[in-house]
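# Topology and contacts: notes
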Amino acid sequence: ASRPPHPCTVPTCRDRGDSGSCGSMDKDEKVPQYKTIKRLQKNYLVRCNESLKNIIPGTGVKPVSHIRRIEHEIKQKRTELGQLTEEELLVQMDHTSQKKVKNAQELSQKKQELQERIKQLEKQLLELELL
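Residues numbered from 1 in each chain as written. Predicted model: local features only at pLDDT ≥ 70, side-chain atom pairs only at ≥ 80, totals over all residues. Heavy atoms only, no water.

### Brief notes about the pattern of salt bridges
Let me state the cut-off plainly: One speaks of a salt bridge when a side-chain nitrogen belonging to Lys or Arg is within 4 Å of a carboxyl oxygen belonging to Asp or Glu. For helices the rule is a DSSP run of H or I covering at least 4 residues; for strands it is a run of E covering at least 2, with both sets numbered from the N terminus onward. A 1.4 Å probe rolled over the protein chains alone gives each residue an accessible area, and that area as a share of the maximum for its type sets the label: buried under 20%, exposed over 50%, partly exposed in between.
With the rule as written, the count across this model stands at three salt bridges. With a closest N to O distance of 2.9 Å, Glu 73 and Arg 117 form a salt bridge. A residue pair is termed long-range when its members are at least 10 positions apart, and Glu 73 in helix α4 (residues 63-93) and Arg 117 in helix α5 (residues 98-130) qualify at 44 residues. We classify Arg 117 as partly exposed; its relative accessible area is 31%. Of the charged contacts, one joins Arg 78 and Glu 122 as a salt bridge, the two residues approaching to 2.2 Å between their closest N and O atoms.

### Observations regarding the nonpolar core
Defined as follows: Residues enter a nonpolar core if they are buried and are Ala, Val, Leu, Ile, Met, Phe, Trp, Tyr or Cys, with the set joined through side-chain atoms within 4.5 Å. We call two residues in contact when some of their heavy atoms are within 4.5 Å.
With seven residues, the main nonpolar core is built from Leu 81, Leu 84, Val 91, Ala 104, Leu 107, Leu 114 and Ile 118. Every element with two or more residues in this core is listed here: α4 and α5. For this core, the leading source of residues is α5, giving four residues. Leave out the neighbours within four places in its chain, and Leu 107 touches Leu 84, Glu 87, Glu 88 and Val 91. Listed in part, the six residues of the second largest apolar core include Ile 67, Ile 70, Ile 74 and Leu 125.

### Focus on the confidence of the model for the protein chain
Here is the rule: As a per-residue measure, pLDDT tells how confident the predictor is, with possible values from 0 to 100.
In this model, the protein chain carries a mean pLDDT of 77, and residues with pLDDT of at least 70 account for 75%. Predicted confidence in the protein chain is weakest over helix α1 (residues 11-16), with a mean pLDDT of 46, and strongest over α4, with 92. This stretch, residues 6-26, has a pLDDT under 50; its non-local contacts, to residues over four places away or in other chains, come to 19 contacts.

### With respect to the environment of Pro 32
Turning to its location among the elements, Pro 32 is positioned in the loop between α2 (23-30) and β1 (37-39). The partly exposed category is assigned to Pro 32, whose relative accessible area is 32%. In sequence terms Pro 32 and Asn 49 are 17 residues apart; their C-alpha atoms lie 9.9 Å from each other.

Next up, the structure:
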């Protein structure tokens, strides 16, 4: 009784005398099926052993969505900056105690941090829009 030819061309499979299971397929069989299912988008499921990050380049976030999120964050930071500026001006008008001087320094430091963050976000937004 002669065996049918082995479908795999890998010499190690033929030498072992396997009856059709290839070495690369052994990996698939050892991993439970539920662990091989990955979600691409909302409605798409894919069966693969590797991580999708290795298969599909990128972050998985649509550029338009990323741009919209950054614009929303910039808007929030600007309103926060406006409130801080308003508080800073109110504190400058009242020079009655040492506590308020410290508070004014703290407000100016927060204001600088916010301005730096807004600049970072605007730079990131510009990079995304150029893609």
